[in-house]
Amino acid sequence: MREGARFFLSDAILRAFQNMRGNLFPILTTIGIIGISMLIFSTFSLFAFNLTSILKIWEDKIEVIAYLKKGVPAGEVENVLKRIRQLEGVEAVKYISPSDAMSFMEKKLGSQRNLLEGIQPGVLPSSFEIQLKKDYRNSLGIKEVVFHLKQFRQIEEVQYGQEWVETFSGIVHVFRLTQWIMGGLLLIGLMFIISNTLQLTISSRKEEIEIMHIVGASPASIQVPFYIEGLIQGLLGTGLAIVFLFFLYYKVLLYKVFFLYLTPVMKEWFAGIPVLFLPLKTVVIILIGGMIFGLFGSFVASMRFLKYSG
Amino acid sequence: MIQLDHVFKVYPSQIAALSDVSLEISSGEFTFIAGPSGSGKTTLLRILFGAERPTSGEVTVNSMRITENHFRKIYQLRRTMGFVFQDFKLLKDRTVGENIAFALRVTGHPQKDIQPRVSEVLQWVGLQEREKDSVLTLSAGEQQRVAIARALVHTPPLLLADEPTGNLDAQMAADVMKIFAALHRHGTTIVFATNDTELTKHYPYRAIYLENGRKVEK
């Protein structure tokens, strides 16, 4: 039985390759169409991935600063620091003493640091720089942490750039929603295109299929080679799309556009933002997705053309 | 070998292709199904072949009842019979040998058994010299002989032929008939549909006549 299944599978694979060799034009057309479809999807994924990484960089910059009242004794500062660390949503807390704040300002002012001459560090307030856990880096999460911070009688003021955080949270929400909707629509469209293209391949072999039915080929032995062809076409089309996308990314996006055609201001703005290619894991998922599309497309197409009849 | 019991076939358009047809064909028999176009010959053969189901009645072929339950395993029935069509149904982009080998390949025969069997059946139909030729280079009569060879490749005990001489001139038709007669002598059961009632008179075989889907006596 096991031997029979192995023979059946190896025969189906052999026939799939023979069929492909004997029908090169429709097969290449299908691979091309799958390739273009998957290129559109991969390009969308690349943009989505880079936008997500940009949002992540911005997200990491979200922090809360709590200014201490003047004259809080050092022992109490230690106690407050400990209690803030215990708050839900707080990832890390850093104490900034007045002299740390002064050094920071000097560094920021650079050559104009002489403006600070005569100012004693004691004028500046002590503060805590509070980094939040990932789940709390949004409007609601921050408000919750800020609410708890405001309960400390030693804290004078809490700053977190409320407007910016709210706008950012809105952008992230809209982007994620768009990503899912667009991605979903794109996938449905791709499935439709791929299954119709594979139908063309199958319909071009209508006579052959009819004869298979006549001579008593089993439904599985008729269908399985088509499924294997679908898998192979899906893999080749998607592989081509990924290679082409990498070429576009490497030659056009990374060098030509970002380094030649950007204005100096834009270049500076983008300098801190890396333009990334899709991670290996995503590439593998897209390749497997392409194979599943091919398989599913063949399956849908076969329901129409491979129905067992006369 | 074949048994039809009060078989009706009515198409959705309410056209009755077969009305109350009952018949029995024994193993090794040569039977003509004769009648004008539209008399139900092709429908009868398609039912025997498992390509269509009767609307009502019982059909048994090679001990298998052609019912809904068996419809999914119809390919097993088809391996016990050969079918020859009026329009040959050959793959035009392949050679004579490839057309025959195709039938064996898609039914899972080991590669080593295919070539000897192809040569054997081509010898049977007298086309052993044309094995490597494209089917497009053959005459209509030769193409029909290739179709017969393909139908014989599984050594079926039953051969169904739907007007196999319909597209052939008298000489070619006579050559093809000789092959059917030889197969019959070797014990193959043959059901031969034709609208040429004269043909049925030239051979000493039983003829069943159909008109408007009904069996008639002549």
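Residues numbered from 1 in each chain as written. Chains lettered and ligands numbered in written order. Predicted model: local features only at pLDDT ≥ 70, side-chain atom pairs only at ≥ 80, totals over all residues. Heavy atoms only, no water.

Participant: In this structure, what is going on with the overall build of chain B? I would like to understand it.
Facilitator: Secondary structure summary: chain B contains seven helices and ten strands in total. Considering only contacts in chain B between residues 6 or more positions apart, those separated by 24 or more positions represent 70%. Taken as a whole, chain B presents about 9900 Å² of accessible surface, with 48% of it coming from carbon and sulfur. (Helix = DSSP H or I, 4+ residues; strand = E, 2+ residues; numbered from the N terminus. Contact = heavy atoms within 4.5 Å. Areas by Shrake-Rupley, 256 points an atom, 1.4 Å probe, with all protein chains shown as cover.)

Participant: Just to check I follow, could you spell out the packing of helix 3 (residues 96-105) of chain B against helix 5 (residues 140-152) of chain B for this structure?
Facilitator: Any two packed helices are characterised by how steeply their axes cross, that is the angle between the axes, and by the distance between the axes. Residues and elements named next belong to chain B. Relative to each other, helix 3 and helix 5 sit at 25 degrees, their axes nearing to 8 Å. By the angle between their directions, the pair helix 3 and helix 5 is classed as roughly parallel. Crossing of helix 3 over helix 5 shows right-handed handedness. Residue-level inspection shows Val 96, Asn 99, Ile 100 and Ala 103 of helix 3 in contact with helix 5, the latter providing Val 146, Ala 149 and Arg 150. Classifying every residue of the contact of helix 3 with helix 5 by side-chain character gives five nonpolar, one polar and one charged. (Axes fitted to C-alpha atoms, helices over the stretch in contact; angles between N-to-C directions. Parallel < 35°, antiparallel > 145°, perpendicular 65-115°, else oblique. Left-handed = near helix turned anticlockwise from the far one by under 90°. Nonpolar A, V, L, I, M, F, W, Y, C, P; charged D, E, K, R; others polar.)

Participant: Would you mind going over the pairing of strand 3 (residues 127-132) of chain A with me for this structure?
Facilitator: Side-chain positions along a regular strand alternate between the two faces of the sheet. Pairing of strand 1 (residues 63-68) of chain A with strand 3 of chain A, which is carried by five bridges, proceeds in the antiparallel orientation. Each bridged residue has a counterpart across the sheet, and for Ala66(A) the counterpart in strand 3 of chain A is Phe128(A). (Pairing = 2+ DSSP bridges.)

Participant: Explain empty space enclosed by the protein to me, please; I cannot follow it from the model alone.
Facilitator: Empty space among the atoms becomes apparent when a probe as large as a water molecule is rolled across them. One pass over the full model with this rule turns up two cavities of 30 Å³ or more. Listed by contribution, the elements that provide at least two residues to the lining of the largest cavity are helix 7 (206-215) of chain A together with strand 6 (81-84) and helix 5 of chain B. Of the residues in the lining of the largest cavity, the class split is five nonpolar, two polar and two charged. Considering only enclosed or pocket space, the second largest cavity measures out at about 30 Å³ in volume. Listed by contribution, the elements that provide at least two residues to the lining of the second largest cavity are helix 6 (162-203) and helix 8 (219-260) of chain A. Considering each element in turn, the lining of the second largest cavity owes the most residues, four residues, to helix 8 of chain A. The residue makeup of the lining of the second largest cavity, split by class, is three nonpolar, four polar and one charged. (1 Å grid on protein atoms, 1.4 Å probe; cavity = no way out; pocket = protein on both sides within 12 Å on 5 of 7 lines; lining within 4 Å. Points joined across faces, edges and corners; volume = space filled by probe spheres on them.)

Participant: Help me understand the interface of chain B and chain A, please; the structure alone is not making it clear to me.
Facilitator: Quite often, the size of an interface is put as the accessible area lost when its parts meet. Each partner contributes residues to the interface: chain B has 25 residues there, and chain A has 20 residues. Buried area between chain B and chain A, summed over both chains or domains, comes out near 1800 Å², and the portion from carbon and sulfur atoms is 61%. When the area that chain B buries against chain A is broken down by residue, the three leading residues are Arg78(B), Arg105(B) and Val106(B), summing to 28%. At the boundary of chain B with chain A, the tally comes to two salt bridges. A salt bridge links Glu208(A) to Arg94(B); the shortest N-O distance between them is 2.7 Å. Viewed at the interface, chain A and chain B are joined by five residue pairs in polar contact (both at pLDDT 80 or more). (Buried area = accessible area lost by both parts, 1.4 Å probe. Salt bridge = Lys/Arg side-chain N within 4 Å of Asp/Glu carboxyl O. Polar contact = N/O pair within 3.5 Å; in protein donor to acceptor, adjacent residues only side chain to side chain.)

Participant: Is there a simple way to think about the pattern of salt bridges in this case?
Facilitator: Working definition: two side chains of opposite charge can pair if their charged atoms are close together. For the structure shown, the criterion picks out 16 salt bridges over all chains. In this structure, Asp87(B) engages Lys89(B) in a salt bridge whose closest nitrogen and oxygen atoms are separated by 3.5 Å. Judged by its relative accessible area of 44%, Asp87(B) is partly exposed. Among the ionic pairs, Glu120(B) bridges to Arg117(B), the shortest N-O distance being 3.2 Å. Here the residue Glu120(B) and the residue Arg117(B) both occupy positions in helix 4 (residues 111-124), the gap between them amounting to three residues, near one helical turn. Salt bridges linked by common partners bring Glu208(A), Asp93(B) and Arg94(B) together as one network. (Buried < 20%, exposed > 50% of the residue type's maximum accessible area, 1.4 Å probe, protein only.)

Participant: I'm lost on the sheet that holds strand 10 (residues 214-216) of chain B in this one. Help?
Facilitator: Residue and element names in this part refer to chain B. Reading across from one edge, 6-7-8-3-9-10 is the order of the six strands in this open sheet, with mixed pairing throughout. Looking along the sheet, the strands with just one partner apiece sit at the ends: strand 6 and strand 10. Taken over all neighbouring pairs, the strand axes of this sheet differ in orientation by 25 degrees on average, direction set aside. In this structure, strand 7 (residues 158-162) lies alongside strand 8 (residues 189-194), joined through five bridges in parallel fashion. By the bridge assignment for strand 8, Leu 158 is matched with Thr 189. Running over the sheet, helix 5 touches strand 6 and strand 7 and is turned about 165 degrees from strand 6.

Participant: I'm lost on the packing of helix 3 of chain B against helix 4 of chain B in this one. Help?
Facilitator: Residue and element names in this part refer to chain B. Two elements in contact, helix 3 and helix 4, have axes whose closest approach is 9 Å; the angle formed by their N-to-C orientations is 130 degrees. It follows from the interaxial angle that helix 3 and helix 4 lie oblique. For the element pair helix 3 and helix 4, the recorded crossing hand is right-handed. On the side of helix 3, the interface is formed by Val 96, Gly 97, Ile 100, Ala 101, Leu 104 and Arg 105, while helix 4 contributes Gln 111, Ile 114, Arg 117, Val 118, Val 121 and Leu 122. Class assignment for the residues of the contact of helix 3 with helix 4 results in eight nonpolar, two polar and two charged.

Participant: Just to check I follow, could you spell out the side chain of Ser127(A) for this structure?
Facilitator: Note that Ser127(A) resides in strand 3. On the basis of relative accessibility, which here comes to 7%, the residue Ser127(A) falls in the buried class.

Participant: Hey, could you run me through the nonpolar core in this one?
Facilitator: Side chains that are nonpolar tend, in soluble globular proteins, to be buried together. Met38(A), Phe30(B), Ile100(B), Ile148(B), Leu159(B), Phe180(B) and Phe192(B) are the most contacted members of the largest nonpolar core, which has 69 residues in total. Looking at this core element by element, the count peaks at seven residues for helix 6 (residues 170-185) of chain B. In this view, Phe180(B) contacts Phe30(B), Val84(B), Ile148(B), Leu159(B), Ala161(B), Pro164(B), Ile190(B) and Phe192(B); residues no more than four positions away in its chain are not counted. (Core = buried A, V, L, I, M, F, W, Y, C linked by side-chain atoms within 4.5 Å.)

Participant: For this particular structure, what's the right way to read helix 7 of chain A?
Facilitator: At 3.6 residues per turn, the α-helix brings residues three or four places apart onto the same side. All names here are of chain A. Counting buried positions over the ten residues of helix 7 gives seven, a clear majority of the element. Looking only at helix 7, the buried set comprises Glu 208, Ile 209, Ile 211, Met 212, His 213, Ile 214 and Val 215. The positive-phi residue at the C-terminal boundary of helix 7 is Gly 216, with phi of around 90 degrees.

Participant: For this particular structure, what's the right way to read unusual backbone geometry?
Facilitator: Leave glycine aside and you will find that most residues have negative phi; peptide bonds, for their part, are mostly trans. All names here are of chain B. A positive phi angle, near 50 degrees, is found at Lys 89, a position not held by glycine. Looking at where Lys 89 falls in the secondary structure, it is placed in the loop between strand 6 and helix 3. Positive phi values are uncommon outside glycine, yet Glu 163 reaches one of about 45 degrees. Note that Glu 163 resides in the loop between strand 7 and helix 6.

Participant: Would you mind going over the sheet that holds strand 1 of chain A with me for this structure?
Facilitator: Residues and elements named next belong to chain A. Strand order in the open sheet formed by four strands is 2-3-1-4, and the pairing between neighbours is antiparallel. Strands at the two margins of the open sheet, each flanked by one partner only, are strand 2 (90-96) and strand 4 (155-159). The sheet shows a mean angle of 20 degrees between the axes of neighbouring strands, direction not considered. Looking at chain direction, strand 1 and strand 4 are connected through four bridges and run antiparallel. Residue pairing for strand 4: Ile 65 is matched across the bridge by Gln 159.

Limitation: the analysis is restricted to geometry and does not speak to function.
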